[in-house]
Amino acid sequence: MKQQNSSAVRAGKITYWIATLWLALGMVATGLVQLSKGKAGQGGLDMITHLGYPAYLLSILGVWKILGVVALLIPKFPLLKEWAYAGFFFIMTGAILSHIIIGDPATELLPSLLLLLLTVTSWY
């Protein structure tokens, strides 16, 4: 029984780190695109204006995402990590709902949905 519990704990840690590293990579990548106000790809100037938001929101989102990744990867700050997870959850659900509200096709939801899934998996 003890070995099964040990295996489950190990599997949980592996799942956590895979989800957290992919989440960190996704948030840093999209955060950098947003800070550079890149036009191409998901999260750039074209997308934010398509969704009806002002261009300056890109800078805010980019900074929040990068700071959130730092908070996730720094050990021994559980409250800060909870805030980062909450922020990622709000950013990704906001993105998903924004696409749904303006009638974008379901394929536009996939990047935000993936990052939301990684957020919840890493948090859990």
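Here is a short report on the structure shown in this document. Bear in mind that the values here come from a model prediction, so they are computed numbers and not experimental data. (Residues numbered from 1 in each chain as written. Predicted model: local features only at pLDDT ≥ 70, side-chain atom pairs only at ≥ 80, totals over all residues. Heavy atoms only, no water.)

### With respect to the overall build of the protein
And step 1. Per the secondary structure count, the protein includes five helices and zero strands.
And step 2. In the protein, the order of α-helices and β-strands from amino to carboxyl end is α-α-α-α-α.
And step 3. Each of the three principal axes of the protein carries a C-alpha extent, and together these read 55 × 30 × 20 Å.
And step 4. Counting every position in the protein, which comprises 124 residues, the buried fraction comes to 33%.
And step 5. Taking the intrachain contacts of the protein between residues at least 6 apart in sequence as the baseline, contacts between residues at least 24 apart amount to 59%.
And step 6. Counting every atom, the protein has about 8,000 Å² of accessible surface; 75% of that belongs to carbon and sulfur.
And step 7. Both charge centroids of the protein, one from 8 positive and one from 4 negative side chains, sit 21 Å from each other. (Helix = DSSP H or I, 4+ residues; strand = E, 2+ residues; numbered from the N terminus. Buried < 20%, exposed > 50% of the residue type's maximum accessible area, 1.4 Å probe, protein only. Contact = heavy atoms within 4.5 Å. Areas by Shrake-Rupley, 256 points an atom, 1.4 Å probe, with all protein chains shown as cover. Lys, Arg positive; Asp, Glu negative; His and termini not counted. Charge placed at Lys NZ, Arg CZ, Asp CG, Glu CD.)

### A word on the nonpolar core
And step 1. Among the nonpolar cores identified, the biggest contains 20 residues, and Leu-23, Met-27, Leu-72, Phe-88, Met-92 and Leu-115 are the most heavily contacted of them.
And step 2. At the level of elements, helix H1 (2–35), helix H3 (57–73), helix H4 (78–101) and helix H5 (110–123) are the ones that each hand at least two residues to this core.
And step 3. Residue contributions to this core peak at six residues, all from H4.
And step 4. When residues no more than four places from it in sequence are discounted, the contact partners of Leu-23 are Leu-72, Tyr-85, Phe-88, Leu-115, Leu-118, Thr-119 and Ser-122. (Core = buried A, V, L, I, M, F, W, Y, C linked by side-chain atoms within 4.5 Å.)

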